[in-house]
Amino acid sequence: MSGEEGLTKRVLVNVAQYKPVNAGSVHHDFPLANLVDGRRQDPSIVIPESYEGTEATGYADDWFAIDLLRRYRVERIELYDRYQVQDEGGRQFFHILGANSADFSDAVVLGGMGAQDDSVFPDDGPFVIDLNGMRAFRYIRLQRTGDGYYGYSELKVFARQTVTEVSRGMPAEASYSTVAGGYTYGPERAVNGTNTDPSDAWVAEGELQNYHFLTVDLGSAQHIGMIELEDRVDNANVSTRQANAIYGSNSKAEPETLTQEKYATEEMGYHKLTEIGEFWQYIGGEAGAEFTFPKLADGVYREVCDDRQAYRYITFKKTYQLSAVLGQIRAYVVHPEVVSVTRDSQYLYVGFSDEMDFSTFGADSVLLRAQDGGDTGVAAQRHDAYTVRLDISN
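Conventions used here
Residues numbered from 1 in each chain as written. Predicted model: local features only at pLDDT ≥ 70, side-chain atom pairs only at ≥ 80, totals over all residues. Heavy atoms only, no water. Pairing = 2+ DSSP bridges. Helix = DSSP H or I, 4+ residues; strand = E, 2+ residues; numbered from the N terminus. Axes fitted to C-alpha atoms, helices over the stretch in contact; angles between N-to-C directions. Buried < 20%, exposed > 50% of the residue type's maximum accessible area, 1.4 Å probe, protein only. Polar contact = N/O pair within 3.5 Å; in protein donor to acceptor, adjacent residues only side chain to side chain. Contact = heavy atoms within 4.5 Å. Phe/Tyr/Trp six-rings, centres within 6.5 Å; stacked < 30°, edge-to-face > 60°.

1. A few points about the sheet that holds strand E21 (residues 338-343)
- The strand order across the open sheet formed by four strands is E21-E22-E26-E25, and the pairing between neighbours is antiparallel. Both outer strands of the open sheet, E21 and strand E25 (380-384), are each paired with one neighbouring strand and no more. Averaged over all pairs of adjacent strands, the angle between strand axes in this sheet comes to 25 degrees, irrespective of strand direction.
- In this structure, E21 lies alongside strand E22 (residues 347-352), joined through five bridges in antiparallel fashion. Residue threonine 342 lies in a different strand from E22, and its bridge partner there is tyrosine 349.

Set out below in structure tokens:
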């Protein structure tokens, strides 16, 4: 568990998680969004619309595509066939494409499979493409290249992003806080930036007729692109790590409403950012590391969020009437990054991960540093939605 760390850091994460996804052919019984929920055990699958019982016929033009919402220098792609189902068809005859145009007119084939080869794409996966961050893409597409039955449970796209924590030290409130030995395990403990001993945590171990929650007020609406959780140090209560959800909102429901409702809903003004730990595992089902936290070696549960909507309030909520414990909850915004630099005889072209507002760029907006250490201001102009053009002719 951690002591206090800096607010800004660079992390390698699955940037496809909870991002928009569409497809050319989908079996209607399985939500397409499950393909990017980060959990390959979920019943998520893409198969032809002609699926009936155990019979299906696929076509070479079937596909699904993910919009990563910004351009990332992709490090690695992982594809999983349907979880614990023998599905040889899904492990052959496909390409994975990367593009920066929504119509894939600039698509590049990143990898794929011809005939089945279990040494390359084993049962349950993953099929892996290592790209080492050499190129940036906004869109990733799986394109079928042969007929036949196929199924997939998850497509993960890993890239590095720079994030800044915006929740540390912000006001927090909770449905309940345990008091023991004259000590209150209050919600402020979960946003203080440290998690070094069992007392340094929010704990709600009473009033178990309620669905406990903790809400952090960010002060203003923020585009939250990543959430991290840390468990309480030496916490032996497994149920506190399961049956949880995290929501964003711009208003707060009455505490009595949140504690009586299993879920915070869109009708209440809450949008689910991520969920952690299915209750069926708590009562004896197969425990999967992708469902529970901490799931990473450093003891941090880390999830990427769709950050198109800004929220002022971040709420951690139990979805079953169980004890609640948090060592830390951290909400992050994602920063634009430079993903490419090219030049010709007159201009230097600097490409960014995000669509940029260049209206405020001027002659002194960009400084170029020479090898001798001298800085020179250069005129900056919009080249396209992602790229600034710098005049280096002088």
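2. Comments concerning the sheet that holds strand E13 (residues 213-222)
- Reading across from one edge, E9-E13-E18-E15-E16 is the order of the five strands in this open sheet, with antiparallel pairing throughout. With partners counted over all chains shown, the strands left at the sheet margins are strand E9 (172-174) and strand E16 (270-276), one partner each. The average angle at which neighbouring strand axes cross in this sheet is 20 degrees, direction not considered.
- Here six bridges tie strand E15 (residues 244-249) to strand E18 (residues 311-318), and the two strands are oriented antiparallel to one another. Bridge pairing in E18 links asparagine 244 to lysine 318.

3. Digging into the side chain of glutamate 228
- With respect to the helices and strands, the residue glutamate 228 is situated in strand E14 (residues 224-230).
- The class of glutamate 228 is buried, set by a relative accessible area of 0%.
- Within the structure, the side chain of glutamate 228 is placed 2.9 Å from the side chain of lysine 9, a separation counted as a polar contact.
- Within the structure, glutamate 228 has its side chain in polar contact with the side chain of arginine 302 (distance 2.6 Å).
- Each residue touching glutamate 228, except ones within four places of it in the same chain, is listed here: Lys9, Val300, Tyr301, Arg302, Gln328, Ile329, Arg330 and Tyr332.

4. Structural notes on the packing of aromatic side chains
- On inspection of all chains with the given rule, the structure shows 11 aromatic pairs.
- Aromatic side chains phenylalanine 94 and phenylalanine 121 sit 6.0 Å apart centroid to centroid with 85 degrees between the ring planes, which places their arrangement in the edge-to-face category. In this pair, phenylalanine 94 sits in strand E4 (residues 94-99) while phenylalanine 121 sits in the loop between strand E5 (108-113) and strand E6 (127-130), placing the two residues 27 residues apart along the sequence. Considered together, phenylalanine 94 and phenylalanine 121 belong to a single accessibility category, that of buried residues.
- Both rings, one in tryptophan 202 and one in phenylalanine 316, keep their centres 6.3 Å apart while their planes meet at 90 degrees; by these two values the pair is edge-to-face. Within this pair, whereas tryptophan 202 is found in strand E12 (residues 202-204), its partner phenylalanine 316 is found in strand E18, the two being separated by 114 residues in sequence.

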